[in-house]
Amino acid sequence: MVVGVILYAGLSWLTNIFPLATGVGVDIRPGVAVPIFFGFAFGPIAGFVSGMFGNFLGDVASGYIAYPPDPTTGKLLTDVLRGFQVNWELGNGLIGLIPGLAALAYRRYFSVRDQLRALLFTVVGIAVGIGFAALTDILIDPGMTLQKTITESFVPATGVDVANAVILVPILLFNYARLDLRSGNWLRSGLMRRLCVAILISAALPVALLGLFLTQQETGSHIGAVDLTVRLGLTILATLMLAVANAALVGASISRPLLRLTRAAQLMEAGQYSRTQASELKAVDTGDEIGRLSRLFGRMAEEVIQREESLRRQVQELRIEIDHSKKAREVAEITGTEYFENLQRKARELRTRSNLASETPV
Amino acid sequence: MESAGEMRQMMPRIASVHSFGGATGTSFTANLVVSIARLGYRVGVIDTGEQSPSIHNYFALDGEATDLVWNDYVWNGYSCNDDRLSGHSGTYQSGDRSDRSVVSHAQRSTGVSLALPIVREGAGEVVVMGRGIYLIPFAVRAGDVSRVLREGHEVDPLKDGIHTLIERLQVDYLLIDTHPGTTEEIVFSIALSDTLVVMLRPDQIEYQATAVTVEIGRRLHVPKILLVVDNLPTGFDSRNVHEQVEHTFNTVVAGILPYSGTITTATGKSIFCRQRPDHPWSREVASIARQIMA
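Residues numbered from 1 in each chain as written. Chains lettered and ligands numbered in written order. Predicted model: local features only at pLDDT ≥ 70, side-chain atom pairs only at ≥ 80, totals over all residues.

### Thoughts on the overall build of chain A
If you tally the helices and strands in chain A, you get 14 helices and zero strands. For chain A, the N- to C-terminal ordering of α and β elements is α-α-α-α-α-α-α-α-α-α-α-α-α-α. Looking at chain A residue by residue over its 362 residues, the buried ones come to 23%. (Helix = DSSP H or I, 4+ residues; strand = E, 2+ residues; numbered from the N terminus. Buried ≥ 20, exposed ≤ 12 C-beta atoms within 10 Å, placed from the backbone.)

### A look at helix α12 (residues 280-293) of chain B
All names here are of chain B. Taking 1.5 Å per residue, 14 residues should reach 20 Å; α12 reaches 20 Å between its end C-alpha atoms and fits that length. Among the residues making up α12, those that are buried are Ser282, Glu284, Val285, Ala286, Ile288, Ala289 and Ile292. Tucked inside the fold, the buried residues of α12 contact β1 (13-19), α2 (23-38), β8 (195-200), β9 (224-232), β10 (252-258) and α11 (272-275). (Expected span 1.5 Å × (residues − 1). Contact = placed C-beta atoms within 7 Å.)

### A look at the interface of chain A and chain B
Interface size, as often reported, equals the accessible area lost upon joining of the parts. Contacts between chain A and chain B engage 33 residues on the former and 38 residues on the latter. Elements with a minimum of two residues in the side of chain A that touches chain B: α11 (289-315), α12 (324-335), α13 (338-351) and α14 (356-359) of chain A. Among the elements that take part in the side of chain A that touches chain B, α13 of chain A stands out by supplying twelve residues, more than any other. Tallied by class, residues from the side of chain A that touches chain B come to 13 nonpolar, six polar and 14 charged. (Nonpolar A, V, L, I, M, F, W, Y, C, P; charged D, E, K, R; others polar.)

### A few points about the pairing of β9 of chain B
Residue and element names in this part refer to chain B. β9 sits mainly inside the fold: seven of its nine residues count as buried. Bridging between β8 and β9 involves six bridges; their strand directions are parallel. When the sheet's bridge partners are listed, Met199 is paired in β9 with Val228. Of the crossover connections in this fold, the one passing from β8 over helix α8 (residues 204-219) to the parallel β9 is right-handed. Two strands pair when backbone bridges link them, and β9 and β10 are joined in this way by five bridges, in the parallel orientation. Looking at β10, one finds that Val229 is bridged to Ile256. (Pairing = 2+ DSSP bridges. Right-handed = clockwise from strand over helix to strand, strands pointing away.)

### Quick look at helix α2 (residues 33-42) of chain A
Because each turn of an α-helix spans 3.6 residues, side chains separated by three or four positions end up pointing in the same direction. Residue and element names in this part refer to chain A. Of all ten residues in α2, nine are buried; the element is thus mostly enclosed. Along α2, the positions that sit buried rather than exposed are Ala33, Val34, Pro35, Ile36, Phe37, Phe38, Gly39, Phe40 and Ala41. Gly43, located one to two residues past α2, shows a positive phi value of around 100°.

### A word on the packing of helix α3 (residues 44-62) of chain A against helix α5 (residues 86-105) of chain A
Residues and elements named next belong to chain A. Across the interface, α3 lies against α5 with an axial gap of 6 Å and an inter-helix angle of 160°. With respect to each other, α3 and α5 are oriented roughly antiparallel. The handedness of the crossing between α3 and α5 is right-handed. Contacts between α3 and α5 involve Pro44, Ile45, Ala46, Gly47, Phe48, Ser50, Gly51, Met52, Asn55 and Phe56 from the former and Trp88, Glu89, Leu90, Asn92, Gly93, Ile95, Gly96, Leu97, Pro99, Gly100, Leu101 and Leu104 from the latter. (Axes fitted to C-alpha atoms, helices over the stretch in contact; angles between N-to-C directions. Parallel < 35°, antiparallel > 145°, perpendicular 65-115°, else oblique. Left-handed = near helix turned anticlockwise from the far one by under 90°.)

### A word on the environment of Gly190 of chain A
All names here are of chain A. By secondary structure assignment, the location of Gly190 is in helix α8 (residues 190-219). Separated by 101 residues in sequence, Gly190 and Gly291 place their C-alpha atoms 9.6 Å apart. Gly190 has contacts with Gly287, Asp288 and Glu289, leaving out every residue within four places of it along the chain.

### Describing the sheet that holds β8 of chain B
Residues and elements named next belong to chain B. Taken in spatial order, the eight strands make up an open sheet running β5-β6-β2-β7-β1-β8-β9-β10, and their pairing is mixed. Whereas interior strands pair on both sides, the edge strands pair on one side only; in this sheet they are β5 (118-121) and β10. Strand-to-strand twist in this sheet, taken as the mean axis angle between neighbours without regard to direction, amounts to 20°. Sitting on the sheet, helix α9 (residues 238-249) touches β9 and β10, and the angle it makes with β10 is about 140°.

### Considering the nonpolar core
Counting 83 residues, the largest nonpolar core has Val33, Val43, Val126, Leu175, Leu227 and Val229 of chain B as the members making the most contacts within it. Here this core gets seven residues from one element, more than from any other, and that element is α2 of chain B. Apart from the residues lying within four places of it in its own chain, the contact partners of Leu227 of chain B are Val198, Leu200, Val245, Phe249, Thr251, Val252, Val253 and Ala254 of chain B. Core analysis: the second largest hydrophobic core is formed by 37 residues, Val5, Phe37, Ala41 and Ala103 of chain A among them. (Core = buried A, V, L, I, M, F, W, Y, C linked by C-beta atoms within 7 Å.)

That's the geometry; what it means functionally is another story.
Below is the structure:
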């Protein structure tokens, strides 16, 4: 909750102090996604508190809070409400509260259906929140009319908030739904570090290049329009290539060890995984989760192979039992006859066939 | 490899293959015979068993007809003008029923055509004989063997009988496929043999029977006794089994044939070594064949 408050306040303040792309008609106000997200993720109270106090702190930091207000009405309650913009704080709280209430009934954001449902509550929340603030303005601001508050306050503010929320909330929820925050180790994730660095580089590069390009435009402004377009195109191309190369490298660095692991699992299933392969996998050290998984798999495979081998050794002993007294009896039955005794005497003679050709007349 | 011609001058060897399972023994013998013949020898094979399929079926021959021919040829001395069988041996195209052309006939004095079932196999030949061929000459009928043995004739009809058989057949090796049991005929065939091959499957009853047969072989002073473990189920380490069986029976294990569904179905009435000579199973049979010949 505190995190939500600080996040919302910080983002609001930042975007208030450093307006991004002003004059386009739509302010970039990513902060609004914070209370909505907190509502969806952690319930109505978290949504409400981060919306209300986040907005308040943000306004204070940005110097929007002026007490006593100008002009004063003389009525203490009205002045306090108006000076501290209490209705706007409450409105922002509602923006977080309504998604929070929705989350009480249903808190899954995996499918497209789930996401669309969440978006609906997001838009409703914003409309209700801003609507509440805009309408209450009439009561506390003497110079405010219904028409004025709708055209100057409700419509633009709702538009900005909805536009920002529609972009950011689904992304946040999508990742949140797949994130296992309970695992204590996720902050130390090597994979996360690598991905963060890669994405930061990918994001920073085009910005830096474009920035450089823009400053050049400012200083040396006597370039033709065609030349300008070519340079801009080249800059974009270079940025794109770098980003693609970066993405490919990161992708390969993740997918290759995973493919190797998959292959190992397939071989293991087929019973063709060798002990040397297992020890190779055990030696993998890439410093991230896949590396750890590979090492674990290698160790497990080695154990399993060893166990199988020892089991096989146990099973593969034939059990040969010969009843020697029975055998002696059976042999005696055959050898005890006169026939056998005579045959035994003659056996060697019968086999003598060395001088066959000369002995046997044909 | 020595040539078959040179070998023929040497003492022919008799090996009897003793199995407890009937058909599998005959199938194995057929494969063994083919493996030896491929090395360029003339190999005779006698099936003494009563079970079906007999050795003829493996070589796609008509058993009854050929046996009559052989009996007449070997024991009654009927033959064509040339006494040497090899001089006019007919050749059966092996395993091909559609091409069972009889290349040559032995003409009996009565004028009846006789076919000699000799199958060409690689560089060698297989002389196939079935139930009608007796190891004991016609002159000495069953029951008389005991008398002949007891009386100890000056001229030994039994010994002469075998000599006649081998001489007539002109074989380098003679394999006798015996049926399960220890009848007088089987004991006699063991007494004749230079090599006794006992086939056993991993089964308590067969272990016991093997022990008895090996003991009989020893008492009859068979120079070489070999064991073949057949139908070893998967999951056994053949080296362990080899060692264990050799140790238990105090007898050389010539080979271990693993159980294989492919071979079981393939060997229905054909010879697997012929179809798949490079298969591990065929190679194992070839290795057993070499140990019999060694």
